[in-house]
Amino acid sequence: MSVNILAIGDVSGPVGLDFLSQKLRSIKKHYNISFTVVNGENASGLGLMPNQADEMLNAGADVITLGNHVWSRQEICNYLDDNRYILRPANLAPQAPGRGWGVFAASFGDVCVINLMGRVGVPMESDNPFLEVDRILKKIDAKVILVDFHAETTSEKFAMAYHLDGRVSALWGTHTHVQTSDGRVFPKNMGYITDLGMTGAIESIIGMEIKEPLEHFLGNPTDRYVPASGAARLEGAVFEIDYSTGKCLSVEAIRIS
């Protein structure tokens, strides 16, 4: 028997959060989703606030993952300790608030979710994600294991994919905010996509108002970046997984405006 797992790409700004809240339940119904993971690290533009996390969970997210902007909103620190359904990258310093992985009860059984962060091109200190995930996997009995790898480069994401193929059910990339067209099942039955994409304003530069990022690339002085407004799009992927074996059967990227 199989179940459908939904992974949603970086929710960016108030527009992305509002769109997620409006659309998530109908998307879950349409795709017959049994478990949902949402990357929420950009809900404030940079970072996540406790009330925004609550809104995502109330909208239908089962688990929220984060990334390199985890500390951009200090208000989230205590909340990470209090709410086990929000994960920060597991390969941060061990004294960091919160947790980087967890096992969660779903309608079909236990699901393990692991949040990792890459080190190539990511401006934040972290431990080796390859060695960290090896340590975590030794502690897990669940058959269905999902990994959000928040990383910059396709090479690091592909390396992690081959490292974990046959050991986890699905691995998806987040962070670059641009959905890739390479969703597939790897040779040892792990579902994979290099990047889920973004949930946020369509007319933007990866979720931000166009003016300031453009001025930056032109070499001009810039003001602070502001989350973009306007029509939104939700991007992610659906992984069909045999819950008795943990093997992925299919991967389908989704894009909903």
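Presented here is a report on the structure given in the accompanying data block. (Residues numbered from 1 in each chain as written. Predicted model: local features only at pLDDT ≥ 70, side-chain atom pairs only at ≥ 80, totals over all residues. Heavy atoms only, no water.)

**So, helix H5 (residues 154–164)**
This is how the line gets drawn: Each residue's exposure class comes from its accessible area (1.4 Å probe, protein chains only) as a fraction of the maximum for that residue type: buried when under 20%, exposed when over 50%, partly exposed otherwise. Elements are defined by DSSP. Helices are runs of H or I of four residues or more, strands are runs of E of two residues or more, and each kind is numbered from the N terminus. Throughout, the arc means that of the directions going from the helix axis to the C-beta atoms. Note on definitions: a residue-residue contact is assigned when non-hydrogen atoms from the two residues lie within 4.5 Å.
Among the residues making up H5, those that are buried are Glu156, Lys157, Met160, Ala161 and Leu164. Projected onto a plane normal to the axis of H5, the buried residues spread over an arc of 145° and lie on a single side. Structural note: H5 exposes Ser155 and Tyr162 on the side pointing more than 90 degrees away from its buried face. Against the buried residues of H5 lie strand S7 (109–117), helix H4 (129–137), strand S8 (144–150), strand S9 (170–174) and strand S11 (191–193). Positioned one or two residues after H5, Gly166 has a phi angle of 90°, which is positive.

**Re the pairing of S7**
The following threshold applies: Whether two strands pair depends on DSSP finding at least two bridges between them. The definition of a right-handed crossover adopted here requires that, viewed with the strands pointing away, the path from the first strand over the helix to the second runs clockwise.
Most of S7 is tucked away: seven of the nine residues are buried. Relative to S7, strand S6 (residues 101–106) runs antiparallel, the two sharing six bridges. Looking at the pairing, Ala106 lines up with Gly109 of S7. Where S6 folds back on S7, the antiparallel hairpin that results is connected by two residues. The pairing of S7 with S8 spans seven bridges and is parallel. Among the inter-strand pairings, Cys112 is bridged to a residue of S8, identified as Ile145. The parallel pair S7 and S8, bridged by H4, forms a crossover whose chirality is right-handed.

**Topic: the nonpolar core**
Going by this rule: In these notes, a set of buried Ala, Val, Leu, Ile, Met, Phe, Trp, Tyr and Cys residues joined through side-chain atoms within 4.5 Å is what counts as a nonpolar core.
Counting 37 residues, the largest nonpolar core has Leu6, Leu20, Leu48, Met56, Ile86 and Ile254 as the members making the most contacts within it. Those elements giving two or more residues to this core turn out to be strand S1 (2–8), helix H1 (13–30), strand S3 (33–39), helix H2 (50–59), helix H3 (76–82), strand S13 (232–242) and strand S14 (247–256). With six residues, H1 is the single largest residue contributor to this core. Not counting residues up to four positions away in its chain, the partners in contact with Ile86 are Leu48, Ala53, Ile64, Leu66, Tyr79, Leu80 and Arg99.

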